[in-house]
Amino acid sequence: MELYAAYIKEREDRECKYTEDCFITYKIYGTDVSVYDIYSKPEVRGKQETLEFVKKFYKDLKDDGIKRVFGFTDERTEGWQNSERLMLKYGFKLLGKSPEDDKYNNYMMIL
């Protein structure tokens, strides 16, 4: 995972928080954050470990002065409905579809 974190930082200038079973990639823009990926191994999905990891991530962002978190789903990807369901469960609000791409849904959460 350390290698992937270094790769995503070098290639996309994104940060990566991770455990043995989960990771989140994101980029900070002042007091806003864009979350690009949240992934957990199939065997830990739906379990407390993943939920606690994500909750701690958002708490740490808030403690660091982050005010808003943005995310997205792409309807062309496998499992996008599950991603949307989880984003809404975590407190994101659907902002709407991207004006440039009607398969790309944008979300925001106020911390």
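Higher on the page you've got the structure.
Rules of the game
Residues numbered from 1 in each chain as written. Predicted model: local features only at pLDDT ≥ 70, side-chain atom pairs only at ≥ 80, totals over all residues. Heavy atoms only, no water. Helix = DSSP H or I, 4+ residues; strand = E, 2+ residues; numbered from the N terminus. Rg over C-alpha atoms; globule rule 2.2 N^0.38 Å. Buried < 20%, exposed > 50% of the residue type's maximum accessible area, 1.4 Å probe, protein only. Contact = heavy atoms within 4.5 Å. Areas by Shrake-Rupley, 256 points an atom, 1.4 Å probe, with all protein chains shown as cover. Lys, Arg positive; Asp, Glu negative; His and termini not counted. Charge placed at Lys NZ, Arg CZ, Asp CG, Glu CD. Pairing = 2+ DSSP bridges. Core = buried A, V, L, I, M, F, W, Y, C linked by side-chain atoms within 4.5 Å.

Turning our attention to the overall build of the protein. Check the secondary structure of the protein and you find three helices and six strands. The secondary structure elements of the protein, listed N-terminal to C-terminal, are α-β-β-β-α-β-α-β-β. In terms of overall size, the protein behaves like a compact globule, its C-alpha atoms giving a radius of gyration of 14 Å where 111 residues would be expected to give roughly 13 Å. With the C-alpha coordinates aligned to their principal axes, the bounding extent of the protein is approximately 35 × 35 × 25 Å. For the protein, with 111 residues in total, the buried portion stands at 32%. Partitioning the intrachain contacts of the protein with sequence separation of at least 6 by distance along the chain shows that 42% fall at a separation of at least 24. Carbon and sulfur atoms make up 51% of the accessible area of the protein, which amounts to about 7400 Å² in all. Each charge sign in the protein was given a centre, from 20 positive and 22 negative side chains, and these centres are 5 Å apart.

Structurally, the position occupied by C22 is in strand β2 (residues 22-29). Along the primary structure C22 and I38 are separated by 16 residues, whereas in three dimensions their C-alpha atoms are 7.5 Å apart. When near neighbours in sequence (up to four residues on either side) are disregarded, C22 contacts K17, Y39, S40, V44, T50 and F53.

Here we take up the pairing of strand β5 (residues 93-98). Pairing of β5 with strand β6 (residues 101-110) involves five bridges; the strand directions are antiparallel. Its bridge partner lying in β6, K97 is registered against N105. Between the end of β5 and the start of β6, which pair antiparallel, lie two residues.

So, about the nonpolar core. The nonpolar side chains of soluble globular proteins are, as a tendency, buried together. Grouped together as the largest cluster of nonpolar side chains are 17 residues, with contacts concentrated most on I24, V35, F57, Y58, L61, V69 and F92. Those elements that place two or more of their residues in this core are β2, β3 (32-40), α2 (48-63) and β6. The leading source of residues in this core is α2, at five residues. Dropping the residues within four chain positions of it, Y58 is found in contact with I38, V69, Y90, F92, M109 and L111.

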